Amino acid sequence: MAFKQPSQISKSKWISGLKTLNRLWKRGLQPDDLVRHYFLHWFVVYNGNIIKTAKALQIHRNTIQGYFLDLGYSNKSVKLRHEWQELNEKSKNSSFEKKFYAFYQKFSKRPRFSADENAGLVGLWQTLFPFKTLTPHYFLWAVRVGKSKDWVQKELGYSYRHRARLMNPVLKPKTRDGFWLSPLRPQVTEVYSPRYRTILARKKR
């Protein structure tokens, strides 16, 4: 499926969310640590309806159910839905961020987020930032704070080729990852190794 840019997007939430990711990576979290927050967020946005959630995220319902199984929620979707509806009803005057923060803390022992981190993530998710783009962002962050590409590959269990396939689109704004990371202005030197840049330069001659 070809990538389509969202018709409307909050630039402030987008930028704030990317900065929040930097903070989370700095304190040792990795992309997979955010999966619980991400899917619980979209689950409650669509009032606990997995079919609607899957359609909105353009993924198969079985994929979401698989995540819920891995997260220990496989038999709790009805309970989660009722808990959210009750919380939502009791806290009508609270912002969505505050209500979701209370909900997340009740049903997630780890990882823990501060209220500001939660708000930054919620804002980012609501721009429709894709979960899969978290890993390219992590790679880019790591390079910018002085981590070697080998270090990142080892941390995430990626091979060199896997990393290369993942990062190549970042330099192309019309791709999914290229668009969502475009505010960070990724550079060729941050994505390609010196050896690969030499190969590319030779091909252009």
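Residues numbered from 1 in each chain as written. Predicted model: local features only at pLDDT ≥ 70, side-chain atom pairs only at ≥ 80, totals over all residues. Heavy atoms only, no water.

Novice: Please provide a residue-by-residue account of the overall build of the chain, values included.
Specialist: Helix and strand counts for the chain come out as 13 helices and 0 strands. Scanning the chain from its N terminus toward the C terminus, one meets helices and strands in the order α-α-α-α-α-α-α-α-α-α-α-α-α. Since a compact globule built from 205 residues should have a radius of gyration of about 17 Å, the 18 Å found for the chain is in line with a globular shape. The C-alpha extent of the chain, read off along each of the three principal axes, is 65 × 35 × 30 Å. Relative to its 205 residues, the chain shows a buried fraction of 40%. (Helix = DSSP H or I, 4+ residues; strand = E, 2+ residues; numbered from the N terminus. Rg over C-alpha atoms; globule rule 2.2 N^0.38 Å. Buried < 20%, exposed > 50% of the residue type's maximum accessible area, 1.4 Å probe, protein only.)

Novice: Please set out helix 2 (residues 35-45) residue by residue, giving values where relevant.
Specialist: Across the 11 residues of helix 2, 10 count as buried, placing the element largely inside the fold. Directly after helix 2, the chain includes N47, whose backbone phi takes a positive value near 55°.

Novice: Pulling in residues and values, what's your account of the side chain of R36?
Specialist: Among the structural elements, R36 can be located in helix 2. Despite its burial, R36 pairs with no opposite charge; the closest candidate is D33, at 8.6 Å N-O. If near-sequence neighbours (up to four positions away) are discounted, R36 is found in contact with L71, Y73, Y104, F107, S108 and R110. (Lys, Arg positive; Asp, Glu negative; His and termini not counted. Salt bridge = Lys/Arg side-chain N within 4 Å of Asp/Glu carboxyl O. Contact = heavy atoms within 4.5 Å.)

Novice: Please set out the pattern of salt bridges residue by residue, giving values where relevant.
Specialist: On inspection of all chains with the given rule, the structure shows 8 salt bridges. Between K79 and E83 there is a salt bridge whose closest N-O contact spans 3.5 Å. Linking K79 with E83, this pair stays in helix 5 (residues 77-90), spanning 4 residues, or about one helical turn. Each member of the salt-bridge network shares a partner with another, and the members are R23, R27 and E117.

Novice: Describe in detail the packing of helix 2 against helix 5, supporting the description with residues and values.
Specialist: At a minimum axis distance of 10 Å, the contact between helix 2 and helix 5 shows a crossing angle of 65°. Our classification of the angle between helix 2 and helix 5 gives roughly perpendicular. You can see that helix 2 and helix 5 cross each other, and the crossing is right-handed. Residue-level inspection shows L40, F43 and V44 of helix 2 in contact with helix 5, the latter providing S77, L80, R81 and W84. For the contact of helix 2 with helix 5, a count of residues per class yields 5 nonpolar, 1 polar and 1 charged. (Axes fitted to C-alpha atoms, helices over the stretch in contact; angles between N-to-C directions. Parallel < 35°, antiparallel > 145°, perpendicular 65-115°, else oblique. Left-handed = near helix turned anticlockwise from the far one by under 90°. Nonpolar A, V, L, I, M, F, W, Y, C, P; charged D, E, K, R; others polar.)

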